[in-house]
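# Chain and residue survey
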Amino acid sequence: MMSRASLSILALLLGFSQALYLTQPEQEDFTSKILDVNHGSSEPLLEGDILLPGIKNALVCPDGSCFWKKSSNGLVEVPYTLSSVFSSSDNTVIANAMATFHNKTCIRFISRTNQSDYLSIESKDGCYSDVGKSGGAQVVSLSQLGCIYYGVVQHELNHALGFYHEHVRSDRDNYVTIKWNNIDPTMTSNFNLKNTNNLNTPYDYSSVMHYGRTAFSINGLDTITPIPDPSVKIGQRQELSNIDVRRINTLYKC
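This write-up is about the structure you can find in this document. (Residues numbered from 1 in each chain as written. Predicted model: local features only at pLDDT ≥ 70, side-chain atom pairs only at ≥ 80, totals over all residues. Heavy atoms only, no water.)

## Observations concerning the sheet that holds strand β3 (residues 76–82)
Across the sheet, 5 strands lie side by side as β4-β3-β5-β7-β6; this open sheet has mixed pairing. Only two strands of the sheet have a single neighbouring strand rather than two, namely β4 (107–111) and β6 (127–128). The sheet contact formed by β3 and strand β5 (residues 118–122) spans 3 bridges and is parallel. Within the sheet, the bridge partner assigned to L82 lies in β5 and is I121. (Pairing = 2+ DSSP bridges. Helix = DSSP H or I, 4+ residues; strand = E, 2+ residues; numbered from the N terminus.)

This is the structure in structure tokens:
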């Protein structure tokens, strides 16, 4: 028979594994989860999780209006409010996701006081965001029914900072093959190339902004296949990649 101490340790380990499950969708890449959660959303969404008219991209924004402004202390402060519907565990996941930006970049998500431009983080009908700063109360939706995961939160916050998905960057066709025949015909626009400033960084298969290989598939087969090595993993669900971090720091001159 197991001792009482052994049983206590086992219970602790089981609780820890359940906590990990709450922060990471283990059985699928998080982009599949985003698309599943957003299926049937009442919002018109570009590329599955970008609010329309989400056509501004901070990577190509000559007048700077879609950048969050840098403070005199050298930090880029992004004010936000958090809906009261989120539980304490939800708040912890969101705070931990923000902490990576704080630890690795000059971005600082700060509680809003009286700023006119800010992120309003709410639990609406999906996981979605604008691209870049759109002005006023800018909704970032993190539905409690599937969006409260570390990687998902980082993905949507990175949209709010001004980044599109990796699979639509201007030089994408040099690095992945789009399997148009496997894409739902009503969803092909989600693969249209964007005019992106790639900030002199390489194409990043490991980006938190890269969708999974079966995104928008009509038959379960690949819609995005890496080249020249089709076995390369894409659509990771862990956190900002090193290149994601470099891009943020380059874009915001951290």
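Moving on from the coordinates now.
## Concerning helix α3 (residues 88–104)
A rise of 1.5 Å per residue sets the reference length of α3, with its 17 residues, at 24 Å; its end C-alpha atoms lie 25 Å apart and thus fit the reference within 8%. For α3, every residue scored as buried is listed here: D90, V93, I94, A97, M98, T100 and F101. Summarising the axial view, the buried residues of α3 lie within an arc of 135 degrees, below the 170-degree limit, and thus occupy one face. For α3, the exposed residues set more than 90 degrees away from the buried face come down to S88 and N103. (Expected span 1.5 Å × (residues − 1). Buried < 20%, exposed > 50% of the residue type's maximum accessible area, 1.4 Å probe, protein only. Arc of directions from axis to C-beta.)

## So, the state of the cysteines
Applying the stated criterion to the full structure yields 2 disulfides. Disulfide pairing is shown between C127 and C147; the S-S distance is 2.0 Å. Its S-S torsion of about -85 degrees marks the bond between C127 and C147 as left-handed, since a negative value means left-handed. Taken together, the residues span a long stretch of sequence, with C127 in strand β6 and C147 in the loop between β7 (137–142) and α4 (150–161) at a distance of 20 residues. (Disulfide = S-S within 2.5 Å.)

## Comments concerning the packing of aromatic side chains
Enumeration over the complete set of coordinates arrives at 7 aromatic pairs. Each ring, one from F67 and one from Y252, has its centre 5.9 Å from the other, and the planes form 80 degrees; the classification is edge-to-face. Of this pair, F67 sits in the loop between β2 (50–51) and β3 while Y252 sits in the segment after α5 (242–251), and the two are 185 residues apart along the sequence. What makes F67 buried here is its relative accessible area of 18%. With a centroid separation of 5.0 Å and an interplanar angle of 10 degrees, the aromatic rings of Y175 and Y203 are classed as stacked. Here Y175 is found in the loop between α4 and β8 (176–178), whereas its partner Y203 is found in the loop between β8 and β9 (224–226), with 28 residues between them in sequence. (Phe/Tyr/Trp six-rings, centres within 6.5 Å; stacked < 30°, edge-to-face > 60°.)

## Describing the side chain of N198
Considering the arrangement of structural elements, one finds N198 in the loop between β8 and β9. On the basis of relative accessible area, N198 is assigned to the buried category, the value being 16%. Here the side chain of N198 touches S170 through a polar contact of 3.1 Å, side chain to side chain. Not counting the four nearest positions on each side in its chain, N198 is found in contact with R169, S170, D171 and R247. (Polar contact = N/O pair within 3.5 Å; in protein donor to acceptor, adjacent residues only side chain to side chain. Contact = heavy atoms within 4.5 Å.)

## So, the pattern of salt bridges
In the structure shown here, the tally under the stated rule is 7 salt bridges. Residues E122 and K124 are paired through a salt bridge, measuring 3.6 Å at the closest nitrogen-oxygen approach. In this structure, the salt-bridge partner of R169 is D171, at a minimum N-O distance of 2.6 Å. Like D171, R169 is buried. Overlapping salt bridges bring together E166, R169, D171 and R247 as one network. (Salt bridge = Lys/Arg side-chain N within 4 Å of Asp/Glu carboxyl O.)

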